[in-house]
Amino acid sequence: MSIPDYMQCAEDHQTVLVVVQPVGIVPEDEFFRIYKRITSVAQVSIRDSQRNLYIRYRHHYLPENNEWGDFQTHRKVVGLISVTTCGSAKEWPQTSDRFHCQKDVFGATLYDSRLLVFGLQGEIAEQQRTDVAFYPSYDDCPDVEKRVEDFVESIFIVLESKRLDRATDKSGDKIPLLCVPFEKKDFVGLDTDSRHYKKRCQGRMRKHVGDLCLQAGMLQDALVHYHMAVELLRSVNDFLWLGAALEGLCSASVIFHYPGGTAGKASGREPSLAHGQGQAADAGKRHRPGALTANGISADTSSEIGRAKNCLGPEDIIEKYKEAISYYGKYKNAGVIELEACVKAVRVLAIQKRAMEASEFLQNAVYINLGQLSEEEKIQRYSILSELYHLIGFHRKSAFFKRVAAMQCVAPTIPEPGWRACYKLLLETLSGYSLCLDPKDFSKGSHRGWAAVQVRLLHELVYASRRMGNPGLSVRHLSFLLQTMLDLLSDQEKKEVTQSLENYTSKCPGGMEVLTLPDGLKLPPVPLSKLPIVRSVKLLDLPVSLRPHKQKGLLENNMSSKSPFIYSPIIMHTRGEERTKKIEFRWVQGDVCEVQLMVYNPMPFELRVEHMGLLTSGVEFEALPAALSLPAESGLYPVTLVGVPRTAGNINISGYHTSVFGVTSDCLLDGLPSVRTSGCVVEVIPSLPRLQLSTSLPRPFSSRLSSSVSVQLFNGETQQLTITLENIGSEDLETLEVTSKTCNTKEKLFGEFLSWDLEEAVSQLPLKPGQSVTLTVNVKVRLDFSGGENLLQDLNDDGISVTGLPISSPLRQVLKPRAETKPLGSESSKTDYNHVKTLEAVMTFKYSGGAGKMEGYYRDLSLGVHVDVEPSVFFTRVSTLPATRTRQCHLLLDVFNSTEHELMVSANNNQDLVLHPSECQRMAIQVAKFDFHTLPQPDQEAVRYTNPKLLEEERLHAQASMISSTLGSLSVSLSLSLSLCSSSLDVVVNGKPCDCDIIADCKVGDAVPLEVKLTNRSKNAVGPFALTVVPFQDYQNGVQNYDLQDAVTFIGSNTFYIDMVKPTENSACMGALLFLYTGDFYLNIKFQDDSAGQGKELPPSWFGLPSVHIKALEAPIEAGA
Amino acid sequence: MAVCIAVIAKENYPLYIRSVPVQNELKFHYTVHTSLDVVEEKISAVGKAMADQRELYLGLLYPTEDYKVYPSHMIIVYYTPVCMFFILIENILLYRHTRYGYVTNSKVKFVIVADSSNTSLRDNEIRSMFRKLHNSFTDVMCNPFYNPGDTIQSKAFDSMVSAMMVQAS
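Residues numbered from 1 in each chain as written. Chains lettered and ligands numbered in written order. Predicted model: local features only at pLDDT ≥ 70, side-chain atom pairs only at ≥ 80, totals over all residues. Heavy atoms only, no water.

- Named according to an unreviewed UniProt entry, chain A is Trafficking protein particle complex subunit 9 originating from Oncorhynchus kisutch.
- Turning to chain A, the UniProt annotation filed under Sequence similarities (unreviewed entry) states: "Belongs to the NIBP family."
- What the UniProt record of chain A gives under Subcellular location (unreviewed entry) is the line "Golgi apparatus". (UniProt positions renumbered as here; feature names shortened; annotations may be inferred.)

1. Considerations on the sheet that holds strand E3 (residues 52-58) of chain A
All names here are of chain A.
- The strand order across the open sheet built from six strands is E2-E3-E1-E4-E5-E6, with neighbouring strands paired in mixed fashion. Only two strands of the sheet have a single partner each, and these edge strands are strand E2 (43-45) and strand E6 (132-135). Within this sheet the neighbouring strands show an average axis-to-axis angle of 25°, counted without direction.
- Relative to E6, strand E5 (residues 112-118) runs parallel, the two being bridged by four bridges. Residue pairing for E6: Val117 is matched across the bridge by Phe134. (Pairing = 2+ DSSP bridges. Helix = DSSP H or I, 4+ residues; strand = E, 2+ residues; numbered from the N terminus. Axes fitted to C-alpha atoms, helices over the stretch in contact; angles between N-to-C directions.)

2. As for helix H19 (residues 491-507) of chain A
- An ideal rise of 1.5 Å per residue puts 24 Å on 17 residues; H19(A) measures up with 25 Å between its terminal C-alpha atoms.
- Those residues of H19(A) that sit buried are Lys494(A), Glu496(A), Val497(A), Thr498(A), Ser500(A), Leu501(A), Tyr504(A) and Thr505(A). (Expected span 1.5 Å × (residues − 1). Buried < 20%, exposed > 50% of the residue type's maximum accessible area, 1.4 Å probe, protein only.)

3. Notes on the nonpolar core
Residues and elements named next belong to chain A.
- Leu482 and Trp587 are the most contacted members of the largest nonpolar core, which has 175 residues in total.
- In terms of residues, this core owes the most to one element, helix H8 (residues 239-257), which gives 12 residues.
- Not counting residues within four places of it along the chain, the set of residues in contact with Leu482 comprises Leu489, Val497, Thr498, Leu501, Leu528, Leu531, Met603 and Phe661.
- Of all hydrophobic cores here, the second largest spans 33 residues; its members include Val16, Ile34, Val44 and Ile46. (Core = buried A, V, L, I, M, F, W, Y, C linked by side-chain atoms within 4.5 Å. Contact = heavy atoms within 4.5 Å.)

4. Focus on the pattern of salt bridges
Residues and elements named next belong to chain A.
- According to the stated counting rule, one finds 31 salt bridges over all chains in the structure shown.
- Its salt-bridge partner being Glu683, residue Arg586 comes within 3.7 Å of it at the nearest N-O pair. One end of the pair, Arg586, is in strand E11 (residues 582-588); the other, Glu683, is in strand E20 (residues 681-685), with 97 residues separating them in the sequence.
- Across the pair Lys853 and Glu734 runs a salt bridge, and its minimum N-O distance is 3.8 Å. Of this pair, Lys853 sits in helix H25 (residues 850-854) while Glu734 sits in the loop between strand E23 (718-727) and strand E24 (735-742); the two residues are 119 residues apart in sequence, bridging distant segments of the chain.
- When its relative accessible area of 33% is taken as the criterion, Lys853 is described as partly exposed.
- The exposure class assigned to Glu734 is partly exposed, which follows from its relative accessible area of 33%.
- Members of the salt-bridge network, linked through shared partners, are Arg51, Glu160, Arg163 and Asp221. (Salt bridge = Lys/Arg side-chain N within 4 Å of Asp/Glu carboxyl O.)

5. Structural notes on the pairing of strand E42 (residues 1066-1075) of chain A
Residues and elements named next belong to chain A.
- Direction of pairing for strand E37 (residues 1007-1016) relative to E42: antiparallel, over a ladder of nine bridges. Directly across from Lys1013, in E42, lies its bridge partner Ala1068.
- Of the strand pairs in this sheet, strand E40 (residues 1048-1051) and E42 are connected by four bridges, and their pairing is antiparallel. Looking at E42, one finds that Thr1049 is bridged to Leu1074.

6. Examining the packing of helix H6 (residues 195-215) of chain A against H8(A)
Residues and elements named next belong to chain A.
- For the pair H6 and H8, the least separation of the axes is 10 Å and the interaxial angle reads 25°. Taken together, H6 and H8 sit at an angle that is classed as roughly parallel. Crossing handedness for the pair H6 and H8: left-handed. For the pair H6 and H8, contact is made by Arg204, Lys207 and Leu214 and by Trp241, Ala244, Ala245, Ala252 and Ile255, respectively.
- Of the residues assigned to the contact of H6 with H8, the class counts are six nonpolar, no polar and two charged. (Parallel < 35°, antiparallel > 145°, perpendicular 65-115°, else oblique. Left-handed = near helix turned anticlockwise from the far one by under 90°. Nonpolar A, V, L, I, M, F, W, Y, C, P; charged D, E, K, R; others polar.)

Written out as structure tokens, the structure reads:
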């Protein structure tokens, strides 16, 4: 007996062994179908008694083991059922012979046998034979179970008779000595008459009877017999049989204490049969004689009495098992018995939940040497050890032995290594090493476990799956190894693992599908989220020019709040919400959208990531995969993944997709808690048109605006800028608005900086994709480059000012450069004027169209206009000079050319002034005076406004300037001299109004009427005045002759009285002059304030007194005379 | 003759493991790993029986842990990615090791594997070794920069363990 039955358990002692075997050619599946039906009859209750018979079926049993049948009767084959196919009557004799041959194999021990013949019909089948049953086919055999029951009953009858035979055979003088096979030769020549020998015979027989009683369902009798046997055998030191008797005692007690059985589900008695479990399930229900029934009273009251003392307690059972095993241990040949006893004891202990003691038994079992075991037996032994360890809750030990068994499957001594079995066993060890093949379990924090052991196990799994010809599994395990144990691998290992991963994936690319093993275990996909490691995910807004904006009026619709309250103090601050929170900006359907990932490569070599793309949900999204190559141990490395949403709605960036080392993986952000993200949900709005802007001017630099142009202009210059807008999107452009905004607010800007006419462009709308529209923009710069305060210095204080009165020449040019007279002042002013001023403006093109317009979205395209303004001409000083006419005056301007070019300045009188670079010249412009009060609002603001306006009009190429209209308010002080006097005096000579440069003609001897009219332009009444007209002659050499009593005489008084003149009124006084000689005469009009009577002379400037020039000519009559 | 000293966390993963024949460390991983079954069993038994009693020393875990009856050349196919080769590794079964266990009140376990061929090791020697180990471990825990649950990387602890191994052997 060399092959142990590891499946044995204590209650097997009460079963009878029946062998079911095929005879001749029986299809295997048909046989097992019949076998299954036969084994369903595992327990038969015997008629007319309350006893049950339990049957253990085997389809394979070594005759060698059968020889131990006397030692433990449950090892004895007592029944044989043969299954055979017999096609025709001819074959029948042959079949019958075979059956008899088979019977002979177990012949000595068989109580009864049956032959089930399938397929035979006809005469023979008609025969009624007890030992043969005929069935037409395997499908048509309804009463197999019935037959088996009958058969079992017949076995029982034999068993019962044997039991009674032996039990009552007390007085028989000759009790045969029962012995085990290896003992036989020891007893040759022994004195059979000695007392010792007789006792031995008695003891062994008692034990045998006990076995029979147990099998026959008489538990109490069995216990009694066992006890007696133990006593008898102990006295003769027959250790092997003593052990057997003790074990029998234990078995009977176990059967009594644990009617549910000790095999348990985990042991899986007959792996090929699900039936084994069914048996275990109904085992609890079956009634055992002697056991307590539901009402607590055993049916067999007679046995009730002896039970307490005969039956062993739970503690005793273990003690007795120990003892039995120690006795077995004394015999080398009883190794199998010892081993089986250990296994049985462990099962009992597992039920008692005494793991420590069970482990001791197991430990012992491990050391039992069974001689040279075949490889298959080794595997079986290790796996059963593993199972038993599992049974007592030692999962780690169990895993250890399972792994040893797995290794044994592929030991090099085996000619055909069972990689498949090895792999299967290795998978079963995973739980013992607390390893789960689902990578999700590892995503939480750092790895904690028996890393070295786990890495080893994974390597073994990889290798086993490769050898069994399933590279897909190897890839899965390797990627799992890489993903979960990455931190624990050394650089060298990382390199090796990835290399082999690449090797495998070249045969079988790794994917994201769940691999299902034949035994139903599912291997979840392993996304390689650590190759590379992603630290943060950030959704990027569209470029500024493509960002959609919502029309203001439609904003109310957007305010959809979940809560009916305007304000709630309860703020949801959960992490999950943060993750899914929506992002402020929006994406546009059809536009390329970007997501930025910060990644880094933890590997010590360059990592190639291919097909890296985005995983999204909610919106149809076309991801445009990218390939990247990350340097070894790179730091954080930004990677931008792009894609195009194809429909509108809310898009959720749920993860990313990579392909590394041939393994494609979908990494979901939900499973990566270490990834920082500012939200993954963004709204995609319907598509909008897209404009591309190009300009006629170059773009010198990139700025934060989508585009910008830069231009350099002289102050006052105008340039045209042509903007071409092309629709490069897929939607029609329907609306276009253009606005502009000046950025630089420090500078005083006058006039319209940018101006355009949109009408033409708008008329071309809607703009189809691919079409373009042009827009012309005028860029005008008008800036104040003047120095400001020193502009208004009185020109009279420098030497070159012209003081002479009157000036006959209307325009006087002072050709003397200012630099000569005031070198210091001009030096400083020059630096002031030299700087370049910049002017920036942003033109915004607001456009919309397509489906996005329906939703109220538009886009902004902005164009930055950057103008460097260079100064051209300055007026460094301004002053006035009275002109010869009272209604006009001279405006004196120092014009400075700050450019490097020669330039020409022309004023309204078309007289060009040529200025060389850095030259300063004075020019005078004659301008008409104007009514100060009629100016709308000559306040400070107006001054500031008009001043540069005046200046800019005199530009490099400006041809005309209308100074007179605006000159008046250069400054307050200046306007005094520029404006008309508060009261003006008009002198009319000879019916003609008279002014400085008008010479009134008159004839000698004629009375020349003279009218002096005073107009009050001030707001107050003036007067009364005394007005005296004094004629004089100017010799043009500085001498004025007032002594003209002989030449001029007044008709009437030369002094007039003017009464008070109310505002805006006038008063006139008339007189006449008579010239006696020819000549040039001037009239000097003097005013005296007569109101207070002091006769004070008033300065003529108050009234803007005209000097009246009268030329007296010879009378034609006189000439004629 | 302590050949391996291990500190196991409450959740039964190793915080520290060190063995003397460094080249065959994996073997000791297996040894310590399997002995955890007994440690757990003992702890649960103690917990049931006498919760108050503060005996931390668990005693012998596997008294005669030697697999001498096993085939002496158990060959394990080991695989390394670049080239595959067969290595004779599992001589683990040939060693005669005695494992001792100790559990702190915070359920951190210490396991000492001793070479049982040397029988001079007495029970109280083992006890004192554990006590030293416990003290040193307490020092490690007192380090404000140590996160409970991390693997122990302490020079002081290291030197103490190696001293223990040297002294014993």
